[in-house]
Each structure stands twice: as structure tokens, then as C-alpha cells.
Amino acid sequence: MFTNKYLKIFFIFMILVFFLRFATSHENEEQETNYTKYYQTMDKDGIKIVLNTIEILYQDGNLTSDECHFLLHGLGEYASIKIGIREAMQDATNSMELCRSGFIHGLFLSASLEKINNTNICTEASFKNSALRLNCLHGLGHGLSVFFDYNLSRAIEICTSAKTKEYQSACASGVFM
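Before going into details, it helps to say that this report is about the structure given with it. (Residues numbered from 1 in each chain as written. Predicted model: local features only at pLDDT ≥ 70, side-chain atom pairs only at ≥ 80, totals over all residues. Heavy atoms only, no water.)

## Considering the overall build of the protein chain
Broken down by element type, the protein chain carries nine helices and zero strands. Along its sequence from the N terminus, the protein chain presents helices and strands in the succession α-α-α-α-α-α-α-α-α. For the protein chain, the accessible surface area stands at approximately 10,800 Å², while carbon and sulfur atoms represent 57% of it. (Helix = DSSP H or I, 4+ residues; strand = E, 2+ residues; numbered from the N terminus. Areas by Shrake-Rupley, 256 points an atom, 1.4 Å probe, with all protein chains shown as cover.)

## Things to note about the environment of Leu72
Take Leu72: it is sitting in helix H3 (residues 65–82). For Leu72, a relative accessible area of 0% gives the class buried. Placed 34 residues apart in sequence, Leu72 and Tyr38 show a C-alpha to C-alpha distance of 9.7 Å. Sequence-distant contacts of Leu72, defined by excluding residues within four places in its chain, comprise Leu51, Ile54, Leu98, Cys99, Gly102 and Phe103. (Buried < 20%, exposed > 50% of the residue type's maximum accessible area, 1.4 Å probe, protein only. Contact = heavy atoms within 4.5 Å.)

## Describing the packing of aromatic side chains
A full pass over the atoms with the stated rule returns two aromatic pairs. Centre to centre, the rings of Tyr39 and Tyr78 are 4.8 Å apart; their planes meet at 50°, and the pair counts as tilted. Taken together, the residues span a long stretch of sequence, with Tyr39 in helix H1 (residues 4–45) and Tyr78 in helix H3 at a distance of 39 residues. Each ring, one from Phe147 and one from Phe148, has its centre 5.2 Å from the other, and the planes form 80°; the classification is edge-to-face. (Phe/Tyr/Trp six-rings, centres within 6.5 Å; stacked < 30°, edge-to-face > 60°.)

## A word on the state of the cysteines
Working definition: the covalent bond between the sulfur atoms of two cysteines is a disulfide. Within the structure shown, the criterion is met by two disulfides. In this model, Cys68 is linked to Cys99 through a disulfide, with the two sulfur atoms separated by 1.8 Å. Where Cys68 bonds to Cys99 through sulfur, the torsion about that S-S bond is close to 75°, and the disulfide is right-handed. Taken together, the positions of Cys68 in helix H3 and Cys99 in helix H5 (residues 98–109) put the pair 31 residues apart, joining distant regions of the chain. Relative accessible area serves as the criterion here: at 0%, Cys68 is assigned to the buried category. Each disulfide pairs two cysteine sulfurs, and for Cys159 the partner residue is Cys171, the sulfurs being separated by 2.0 Å. Its S-S torsion of approximately -65° makes the covalent link between Cys159 and Cys171 left-handed. Here Cys171 lies in helix H9 (residues 165–175) and Cys159 lies in helix H8 (residues 152–159), a separation of twelve residues in the sequence. The buried category is assigned to Cys171, whose relative accessible area is 0%. (Disulfide = S-S within 2.5 Å.)

## Notes on the side chain of His138
Here His138 is to be found in helix H7 (residues 130–147). Take His138: its relative accessible area is 10%, and that puts it in the buried class. Here the side chain of His138 touches Ser173 through a polar contact of 2.7 Å, side chain to side chain. With near-sequence residues (within four places) excluded, His138 lies in contact with His105, Ala170, Cys171, Ser173, Gly174 and Met177. (Polar contact = N/O pair within 3.5 Å; in protein donor to acceptor, adjacent residues only side chain to side chain.)

## Quick look at the environment of Leu137
For Leu137, the location among the structural elements is in helix H7. Distance from Leu137 to Val175, taken between C-alpha atoms, is 9.8 Å for residues 38 residues apart in sequence.

Everything listed here is a matter of geometry and, on its own, says nothing about what the molecule does.
Structure representation (C-alpha cells):
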């Protein structure tokens, strides 16, 4: 039924799958270990220091745009739990746009509904810069998606409470990403 040729192909395929699986899991463990040092730095030295460190690494080419963005997602989630969204936003004011605003996106990923039940958290008073305000709303959209277990209708319902069409659109873009 099976020839030696097919058995060889099958075994080569299985070895390749095993190798890729092992290499990927080892890479993820290494990445988690590297990320741990950033959480520890945040605990010890604060948000500003860790964000400045990451900015230097990014500018020096030691982190890709995606690596930086998703590292900041994780740190934003961590900061949201540790000190709260508003406090973390205040501490990170100068780094909000770093790596495609990954930190602010992450802030909302672990937030509870009481903290994000409306779009008022991204007001003009909080963000004088309109680009940051739009990034805040985009991050809020991410958080709403997660909070509502990817029930897009419920998340969009909150987004439509935003003051302008532009703000609603920014929030909705976060829901759909």
C-alpha cells in the first residue's frame, strides 16, 4: 500500500513538524523570560523608566516594530492591573505613541467594564493631542472586544457613545483588529 518513498516523506515531514514545534516553544519561553525583566523594571523603577528603556532599544534596532508593539501591549495590560488605567496613562504621557501606541492598547485589554463602560476615559481633558485621543479610543476598542468575549455588537454599542463620528470610528477600528 505505502511505498518506501511515501514513508520517507512522511518521516521527514514528522521530523520537520517536531523541530518547528520545539523551536517555537523554546523561543516563546525565552521571550517570556525577556518580558519578565520589563515587568520587574516597571515594578522597581516605574513606567517612565521601562518605556524609556524600550524606546532606546527600538530606536537602536534591537526590537522590531511588532516586537515593540506587542511587548508594550503586555506592559500596558500589566500596568492596568497594577496601578489602574488613568494612573498608567498619566505616567506614560510622553510615550503614548511609542511603537504604534502599543502601551495604550494594552491598558484596555485587561480592564473591567466599570473602567471602560463608556468612551469618556479618552476625553479632550485627558488627551490634548487629538492623535493620542484617537489611539486611546482605538485601544478602548481592543479592550471592549476582549471584555465582551468578541461579541462585536456589544463592543460597537459602547463605541457609538463617543462624541463624534471620528471618535466612534477610532474605537470601532480597535474592536475589529
